[in-house]
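Inside the fold
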Amino acid sequence: MDAILIPILVAVVVVIFLVATSVRIVPQARRYNIERFGRYRRTLQPGLNLVVPVADRVNTKLDVREQVYSSDPRPVITEDNLVVNIDTVLYYQITDPRAAAYEVSDYLQAIDQLTVTTLRNVIGSMDLEETLTSREEINTRLRTVLDDATGKWGIRVNRVEIKAIDPPNTIKEAMEKQMRAERDKRAAILHAEGERQAKILTAEGTKQKDILEAQGTQQAMILRADGEAKAVERVFQAVHRNNADPKILAYKYLETLPHLAKSENNTFWVIPGELTEAVRSVSSAFGDHSNMGLPKNAQQPEESPSEPDTTDSAGAPEIEPGPQTTAAAAADEVAKQAAAAVNNAKAEAEAARTTQSPSRGKPSAD
């Protein structure tokens, strides 16, 4: 009985082992490469798969999802002989599991070395400034080269990005100084523009102020001139309406002359040519009453034949200007003569009034 059970148990165990080794369950987004007696047979797809026990075996298990690979910083020399360290990020996907397993021994290392080589070729044709400002161009050229090279490996490079470009410390300091100088330059330009705008606005304000002040002064002068014109017109009309006597006009004319010499700022003043006529007019105006104030038995003094007559017919002395007479002396002399003529005229007028009304000048008997 025991001799029969033992072979049965061995057979069951063998069957279970064969069934277990012939069934392969592949997860989603995975691919298994199967070899039969050391030779590639097929690639298992996701799900339940059956293989030949003992003859077939799984060689490689690959992930067909998009993968991310970040390389270490690699030194690269630019066209202007500067060494910069560049980090790259690679996005790739396995499209052919058989080629990825059998066409290249280590596809990650191959991609890394190819990336470094391509970077050195691309960066070697650019200077530092162009390298720092042409990342998009570098990414495009890297992707084109890597996609062409990795196509036969069953790998598709979807995207290549430059993560960092680190120039030497001395270059960083120089760049910082340059940027600082640029910022200072822009700040100085902005400050100068601000001052320029401020000056322009100030000049515009001053211009507007001067214009407004000039317009105000003009309006004030026009109004003042209009007022003076109206005042003169009214005075002129009043004089003509009241039919002023020439005696009053001549007296006012002579009364104004002394005020011309009283100003402190006048160093000289001009004697008008009408002065003699004005004096003659005043004297002739009051000359009609000159004989009324004299007594009846009074005799007129005879004129000396030896002395020439220095007065005119009206009784006003004539001024003989000489080359040695100054303007101030002439002004004083004229003022004195005019005042004396006016006083004489007033005295004669008072004498005439007293003679005409003697009763008013006598004292009362009481």
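Refer to the structure presented above.
The text that follows walks through the structure, step by step, so that each part is easy to find. (Residues numbered from 1 in each chain as written. Predicted model: local features only at pLDDT ≥ 70, side-chain atom pairs only at ≥ 80, totals over all residues. Heavy atoms only, no water.)

Considerations on the overall build of the protein chain
A count of helices and strands for the protein chain gives 10 helices and nine strands. In the protein chain, which comprises 366 residues, the share counted as buried stands at 23%. Long-range contacts, defined as pairs at least 24 residues apart, comprise 63% of the intrachain contacts of the protein chain with a sequence gap of at least 6. As displayed, the protein chain has an accessible area near 26100 Å², and 55% of this comes from carbon and sulfur atoms. (Helix = DSSP H or I, 4+ residues; strand = E, 2+ residues; numbered from the N terminus. Buried < 20%, exposed > 50% of the residue type's maximum accessible area, 1.4 Å probe, protein only. Contact = heavy atoms within 4.5 Å. Areas by Shrake-Rupley, 256 points an atom, 1.4 Å probe, with all protein chains shown as cover.)

Focus on helix H5 (residues 135-150)
Spanning 16 residues, H5 covers 22 Å between terminal C-alpha atoms, matching the ideal 22 Å at 1.5 Å per step. Within H5, burial applies to Ile138, Asn139, Leu142, Leu146 and Thr150. Looking straight down H5, one finds that the buried residues subtend no more than 95° of arc, so they occupy a single side. For H5, the exposed residues set more than 90 degrees away from the buried face come down to Glu136 and Asp148. Tucked into the core, H5 has its buried residues touching strand E8 (83-94), helix H3 (107-123), helix H4 (128-133) and strand E9 (155-166). (Expected span 1.5 Å × (residues − 1). Arc of directions from axis to C-beta.)

So, the side chain of Thr21
In this fold, Thr21 is placed in helix H1 (residues 2-22). Taking the relative accessible area as the measure of exposure, Thr21 reaches 18% and is therefore buried. At a separation of 3.0 Å, a polar atom in the side chain of Thr21 contacts the main-chain carbonyl oxygen of Leu18. (Polar contact = N/O pair within 3.5 Å; in protein donor to acceptor, adjacent residues only side chain to side chain.)

Things to note about the sheet that holds strand E2 (residues 30-36)
With antiparallel pairing, three strands are arranged side by side in an open sheet as E3-E2-E5. Edge positions in the sheet fall to strand E3 (39-44) and strand E5 (56-63), since each of these pairs with one other strand and no more. Averaged over all pairs of adjacent strands, the angle between strand axes in this sheet comes to 25°, irrespective of strand direction. Here E2 runs beside E5; their pairing, made up of seven bridges, is antiparallel. By the bridge assignment, Tyr32 is partnered in E5 with Lys61. (Pairing = 2+ DSSP bridges. Axes fitted to C-alpha atoms, helices over the stretch in contact; angles between N-to-C directions.)

Side note on unusual backbone geometry
Most peptide bonds are trans, and most residues other than glycine sit at a negative phi. Even without being a glycine, Ala29 presents a positive backbone phi close to 65°. Inspection of the secondary structure assignment puts Ala29 in the loop between strand E1 (23-26) and E2. In this structure Ala29 comes out as buried when scored by relative accessible area, which is 15%.

Some remarks on a negative patch on the surface
Together, Glu79, Asp80, Glu129, Glu130 and Glu137 give the surface a local cluster of negative charge. Take Glu129: it is sitting in helix H4. Judged by its relative accessible area of 60%, Glu129 is exposed. (Patch = residues over 30% accessible without salt bridge, like charges linked within 9 Å, V, L, I, M, F, W, Y side chains within 5 Å. Salt bridge = Lys/Arg side-chain N within 4 Å of Asp/Glu carboxyl O. Lys, Arg positive; Asp, Glu negative; His and termini not counted. Charge placed at Lys NZ, Arg CZ, Asp CG, Glu CD.)

Quick notes on a nonpolar patch on the surface
Taken together, the side chains of Ile4, Leu5, Ile8, Leu9, Val12 and Ile16 present a nonpolar region at the surface, about 570 Å² in accessible area. When you line up the elements, Ile16 lands in helix H1. Assessed through its relative accessible area of 54%, Ile16 is described here as exposed.

Structural notes on H3
The end-to-end C-alpha distance of H3 is 24 Å, a good match for the 24 Å that 17 residues give at a rise of 1.5 Å each. Those residues of H3 that sit buried are Tyr107, Ala110, Ile111, Asp112, Thr115, Val116, Thr118, Leu119, Val122 and Ile123.

Quick look at empty space enclosed by the protein
Taken as a whole and judged by the stated rule, the model has one cavity of 30 Å³ or more. The volume enclosed by the largest cavity comes to roughly 30 Å³. As for the largest cavity, its lining consists of Ser71, Arg74, Ile86, Thr88, Asp112, Thr115, Val116 and Leu119. Breaking the lining of the largest cavity down by element, the ones donating at least two residues are E8 and H3. If you tally residues by element for the lining of the largest cavity, the top one is H3, at four residues. (1 Å grid on protein atoms, 1.4 Å probe; cavity = no way out; pocket = protein on both sides within 12 Å on 5 of 7 lines; lining within 4 Å. Points joined across faces, edges and corners; volume = space filled by probe spheres on them.)

Describing the pairing of E3
Relative to E3, E2 runs antiparallel, the two sharing five bridges. Paired with Arg36 across the two strands is Arg39, which belongs to E3.

Things to note about the nonpolar core
Most often, soluble globular proteins keep nonpolar side chains buried together rather than apart. Core analysis: the largest hydrophobic core is formed by 27 residues, its most contacted members being Ile86, Leu90, Ile138 and Ile155. For this core, the elements supplying multiple residues, two or more each, are E8, H3, H5 and E9. Apart from residues lying up to four places away in sequence, Leu90 is in contact with Gln67, Val68, Tyr69, Ile111, Leu146, Val157, Arg159 and Val160. Counting five residues, the second largest nonpolar core, distinct from the first, contains Val26, Ile34, Leu44 and Val51. (Core = buried A, V, L, I, M, F, W, Y, C linked by side-chain atoms within 4.5 Å.)

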